[in-house]
Amino acid sequence: MVDLPSADLLIRDARIVPFRSRTELGALRRDGSGPGSLDTPPCPGEPGDVHVAGGRVVEVGRGLRAPGAQVLDAGGAFLIPGLWDAHAHLDMEAARSARIDTLATRSAEEALELVAKGLRDLPTGAEPVTIQGFGHRLSNWPRVPTVAELDAVTGEIPTLLISGDVHSGWLNSAALRVFGLPGASAQDLGAPLKEDPWFALLDRLDEVPGTRELRESGYRQVLADMLARGVTGVVDMSWSEDPGDWPRRLQTMAAQGVLPEVLPRIRIGVYRDKLERWIVKGLRTGTELAGSPHLPDGSAVLVQGPLKVIADGSMGSGSAHMCEPYPTELGLEHACGVVNIDRAELTDLMARAAQQGYEMAIHAIGDAAVDDVAAAFALSGAAGRLEHAQLLPADALDEPDGALRRLVACGVELSVQPAHLIDDWAAVSRVWPELEGRTYAFADMVAGGALLQLGSDAPVAPLDPWLAMSAAVGRKTPDGSVWSPDQRLTAEEALAASVNGAGPVAVGCPADLVLLAEDPLRLGAEELARVRPLATIVAGAVAHQRI
């Protein structure tokens, strides 16, 4: 595995897409001040040339000359900064293609039939080392399934069916025994694991035979797909046992001849149970990981990312921490959801991590969790992002103590995943009745001064920034309706929230670039979902090209 050499690139006849900053767009949405309007995005100018050297844009103009440079003829295509996915789980995304897709199931019976069909379709005499599935939502099923009924289909083959929100796992007895846990019995038929008990096992999935091979075989395609969609960087929230995991992975892929020539940038999160080990190793947010390859601008591919803390559960599992109880007919064990870490402990943890040079990525989905996290940011002085913010508290926009106001005052960005609303629409009115207007309230967030960062939470939603932008702009549900149309973003707002805070391409900016056949600011929601770049460039190196 070698570093990419620095090389010149001359992009000819490209139209630079101008777009306003998230701050300016927020002001326009809030009070209409400033030039233009949200409904009238800026127009790109005439085609020109862009010269890249040393991984940065060094010239922009017409008729540029760069002897010896690689020439990429854009033919009038539109040029934007590289896209980022602010929240993905690349380990589970890599494993997803080899897992049974349970997304469309409406009951445990349908999921069991998928598993049984997979076993029936195996060649005679063949038996898998493990059976794994992903995608279902327990909140979409009329009842909670049992371990015993999964045993009846799978026998002694370790089986794990992971929910689409990744907050629960339905394991059979053979899989539970791998982890030293009791299986089903006549006295206790067992049930899916949720929240912390389940998260403890997620960190140990490789103990199930075949799991590591299942996951590692999928990374090449994940990286290639990212680049094909214009993703030049990602924040990877995978559970990792050691900071050397990614460097070793890339070295192995290189030795096998399956490593993409040009890689996206990867920021790698750390969870709270590993934090002290990471600190001892001298790692801080922004630290280059030992063994990382380098891009033409000299920057590392692999960089230490934020501290990830899961403050509450999820809507899909009925475990997000809520101010008011869930409907009693759901029969949930915890009336107001699950608190994985209380406000005082979270505040202390964030203060400790901030002192050691870490930014935060704090998962908060329910309204009570968002309020707790806002208070913890204010009290700890930590910087970073709130992850998900799917339900704003009722007083979120109140002056001055509302949760959103406190987050904005602390400089906290909101990392949101718009494509989740496509899957959640069917359950939210049952799980969070009468709260639909405060759910995925993107326009309210922007109007309140929040800086959004869009992502996927892959594999919970596809690792596709164009799908995320489409969902934010259209908010169209599978039944054809529009969920809270007043909360739709413009295409310009969605793009500005997808480029890691970058502005339009200009001299001095990093040469992480994407060429598009159409101006994305003038596309509707359905058109945005279909966008596939003509070329993706990372630090001046062409990583993907179809022109």
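Description of the structure in this document. (Residues numbered from 1 in each chain as written. Predicted model: local features only at pLDDT ≥ 70, side-chain atom pairs only at ≥ 80, totals over all residues. Heavy atoms only, no water.)

With respect to the helices and strands, proline 465 occurs in helix α16 (residues 465-474). In this structure the C-alpha to C-alpha distance between proline 465 and isoleucine 279, which are 186 residues apart in sequence, comes to 32 Å. Excluding its chain neighbours within four sequence positions, the residues that come into contact with proline 465 are Leu83, Arg229 and Val231. (Helix = DSSP H or I, 4+ residues; strand = E, 2+ residues; numbered from the N terminus. Contact = heavy atoms within 4.5 Å.)

Turning our eyes to something else, we now look at unusual backbone geometry. Here alanine 458 and proline 459 are connected by a cis peptide whose omega angle stands at 10°. Its place among the elements puts proline 459 in the loop between β18 (452-454) and α16. With phi around 50°, tyrosine 440 is a residue other than glycine that occupies positive phi space. Inspection of the secondary structure puts tyrosine 440 in the loop between α14 (420-431) and α15 (442-447). For tyrosine 440, a relative accessible area of 2% gives the class buried. Notably, asparagine 500 is not glycine yet its phi reads approximately 60°, a positive angle. Looking at the secondary structure, you find asparagine 500 in the loop between α17 (491-496) and β19 (513-516). (Buried < 20%, exposed > 50% of the residue type's maximum accessible area, 1.4 Å probe, protein only.)

To continue, consider the pairing of strand β20 (residues 535-538). Taking every second residue as pointing to the same face, both faces of β20 are buried, with Ala535 and Ile537 on one and Thr536 and Val538 on the other. Where β19 meets β20, 3 bridges bridge the pair, whose relative direction is antiparallel. The residue bridging valine 514 from the neighbouring strand is threonine 536, located in β20. Where β20 folds back on strand β21 (residues 541-545), the antiparallel hairpin that results is connected by 2 residues, among which alanine 539 adopts a positive phi of roughly 55°. (Pairing = 2+ DSSP bridges.)

Attention now goes to the packing of aromatic side chains. All chains considered together, the criterion is met by 6 aromatic pairs. Both rings, one in tyrosine 440 and one in tryptophan 483, keep their centres 5.7 Å apart while their planes meet at 85°; by these two values the pair is edge-to-face. Here the residue tyrosine 440 occupies a position in the loop between α14 and α15, and tryptophan 483 occupies one in the loop between α16 and α17, the gap between them amounting to 43 residues. The class for tryptophan 483 is buried, based on a relative accessible area of 8%. In textbook terms, an aromatic cluster arises when at least three aromatic residues are bridged by ring pairs, as seen for Phe199, Trp239 and Tyr271. The ring centre of tryptophan 246 lies 4.7 Å from the NZ or CZ of arginine 249, which sits over that ring. (Phe/Tyr/Trp six-rings, centres within 6.5 Å; stacked < 30°, edge-to-face > 60°. Lys NZ or Arg CZ within 6 Å of the ring centre and 35° of its normal.)

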